[in-house]
Amino acid sequence: MTTRWASGVRPYLEAAPLAALFLGISSGFAFAMIGATLTTRLAQHGITKGAVTAFALTFLAYNLKFLWAPLVDSVRLPLLGRFGQRRSWLWLTGVLVMAAVAFLGVADPDEALYVVAIAAIAVGVAGATFDIIIDAYRIELLEPRQLGAGSGMSQYGWRIGAAAAGALALVLGARFGWALAYFACAAFALPAMLVGVVMGEPARHREPARPHGAFAALVAYFSPLLEFLQRQGALVVLLFVLIHKIGDTLANLSLRLLFQDLGFSNDEVAFYDVGVGFAALLVGVFAGGVMYERFGMKRSVLVSLILMAVSNFSFAALAAAGHSNLGMAAAVGFENFASGIGGVTVVAYLSALCNLRFTASQYALLSALASIAGRLLTGTSAGWMIDAMGYVNFYLLTTLVAFPGVVVFWLMMRSGLADLSIGSAGTESGEA
């Protein structure tokens with residue numbers, strides 16, 4: 001038992017997965033600065049609810065980042081470029097994120113709300129670009145066998161960075177003002193930048209061909225997508241990426257509405273949904289890394305997809321049972337445990353799909369594709385479906401909607417497409 005436990009922990013203690021932890025910390029903080037932190041700040045300044053919710057549009061940069069991701073792959077930065085394509089962009093975007101967060105800190109909602117909006121958009125664009133290079137650096141730093149553990153550590157880091165930055169901003173904001181709070185939180189960009197110093201340029205990075213002329217540059221811009229589409233079964237793979245999270249996203253959007261209508265108090269939601277859920281997520285992330293190490297990528301992805309689909313059923317059971325603290329703990333715990341596993345295995349699979357010449361572009365495209373369908377459907381359909389069919393039938397429907405993704409991936413395994421679709425990020429070592 002001790003030997004088995006040690007073998008499960010060992011991949012997390014290697015240099016590259018540990019580096020992924022620090023990359024994740026820096027990735028998560030910028031998102032928090034324009035999320036709950038900014039919402040709290042604006043509410044404390046007496047800004048109307050309509051104006052506050054409009055700031056959610058700043059997150060569009062994270063959905064649209066694939067549009068400028070090819071620049072991160074192909075444009076060589078002057079001066080900094082001599083340190084390597086990945087490190088130079090990592091350091092530049094890190095500085096830009098810090099500057100944008102500081103700008104948001106000094107912008108005063110009472111004097112000019114539009115300046116706050118501009119600053120928030122700047123944080124969104126800079127943070128999304130920081131994400132592009134962090135994901136590319138992480139994928140190219142990890143060997144194929146480390147993608148599971150590295151994805152797990154990145155998930156841990158993201159949660160730590162978002163939670164720590166959000167909490168620090170609230171504490172400092174209440175005592176010393178929001179400007180100082182945002183200045184302090186800007187330092188969360190440093191862990192990723194220091195990884196670039198310590199770990200160096202990723203050994204697996206492959207330079208794309210340099211375009212000469214306007215037409216060649218245009219072709220090069222679309223090369224990441226064209227390369228992916230030329231693979232056998234590419235459209236099936238893209239279909240899987242598009243649909244696999246729809247059921248999960250539909251369910252998660254409405255959970256707080258369910259808890260409210262079942263009569264759970266704020267204290268109960270805080271303890272079970274936030275506390276128990278977060279603990280279960282951390283356990284799930286670790287379990288996902290171990291599962292990836294033991295069972296391999298394909299089987300671990302399939303198991304995680306099934307678990308995430310079934311977890312929606314647990315909320316149908318909770319809705320049928322009514323107000324039950326034990327039921328809430330079980331449903332929330334199971335859902336977060338399954339999401340933790342999926343966050344490791346599916347992220348590792350999406351990472352493995354990338355070609356090392358276009359890591360930034362292809363991962364930005366795949367991650368955007370994985371979230372866009374679910375967000376569009378949830379934003380336009382979830383509310384009226386709940387009103388029309390009730391919570392129990394709604395969560396049963398989300399369970400059913402989740403299974404086409406399971407079936408498509410199972411068919412990909414049976415046909416061999418799950419192997420054929422893998423890019424060089426999932427096959428080549430640093431010595432290749």
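Our structure's up above, just so we're on the same page.
Residues numbered from 1 in each chain as written. Predicted model: local features only at pLDDT ≥ 70, side-chain atom pairs only at ≥ 80, totals over all residues. Heavy atoms only, no water.

(A) Quick look at the side chain of S27. Mapped onto the elements of the fold, S27 is located in helix α2 (residues 15–33). Among the residues examined, S27 registers a relative accessible area of 8% and is labelled buried. A polar contact is formed between the side chain of S27 and the side chain of D131, at a distance of 2.5 Å. Other than its neighbours up to four places away in sequence, S27 contacts D131, I134 and W158. (Helix = DSSP H or I, 4+ residues; strand = E, 2+ residues; numbered from the N terminus. Buried < 20%, exposed > 50% of the residue type's maximum accessible area, 1.4 Å probe, protein only. Polar contact = N/O pair within 3.5 Å; in protein donor to acceptor, adjacent residues only side chain to side chain. Contact = heavy atoms within 4.5 Å.)

(B) Quick look at unusual backbone geometry. Backbone geometry at L79 places phi at a positive 65°, although glycine is not the residue there. Secondary-structure assignment places L79 in the loop between α6 (69–74) and α7 (85–106). The class for L79 is exposed, based on a relative accessible area of 77%.

(C) Geometry of the environment of R175. Relative to the elements of secondary structure, R175 occurs in helix α9 (residues 147–176). Assessed through its relative accessible area of 59%, R175 is described here as exposed. A distance of 3.2 Å separates a polar side-chain atom of R175 from the backbone oxygen of V171.

(D) A look at the nonpolar core. Counting residues in hydrophobic clusters, the biggest one holds 111 residues, and the most contacted among them are F259 and Y349. Excluding its chain neighbours within four sequence positions, the residues that come into contact with F259 are F264, V269, D273, F315, L318, M328 and V332. Judged by nonpolar contacts, the second largest core, of nine residues, contains L21, M153, L281 and V285. (Core = buried A, V, L, I, M, F, W, Y, C linked by side-chain atoms within 4.5 Å.)

(E) Quick peek at the packing of α7 against helix α8 (residues 113–141). Their axes nearest at 8 Å, the elements α7 and α8 cross at an angle of 155°. Classified by the interaxial angle, the pair formed by α7 and α8 is roughly antiparallel. The handedness of the crossing between α7 and α8 comes out as left-handed. A per-class count over the contact of α7 with α8 returns 21 nonpolar, four polar and three charged. (Axes fitted to C-alpha atoms, helices over the stretch in contact; angles between N-to-C directions. Parallel < 35°, antiparallel > 145°, perpendicular 65-115°, else oblique. Left-handed = near helix turned anticlockwise from the far one by under 90°. Nonpolar A, V, L, I, M, F, W, Y, C, P; charged D, E, K, R; others polar.)

(F) Fine view of the pattern of salt bridges. The tally for this structure, following the rule as stated, stands at six salt bridges. In this structure, the salt-bridge partner of R86 is E140, at a minimum N-O distance of 2.9 Å. Of this pair, R86 sits in helix α7 while E140 is found in helix α8, placing the two residues 54 residues apart along the sequence. Judged by relative accessible area, R86 falls into the buried class, the value being 0%. Given the relative accessible area of 1%, E140 is considered buried. Beyond isolated ion pairs, a larger network of salt bridges with shared partners links D73, R86 and E140. (Salt bridge = Lys/Arg side-chain N within 4 Å of Asp/Glu carboxyl O.)

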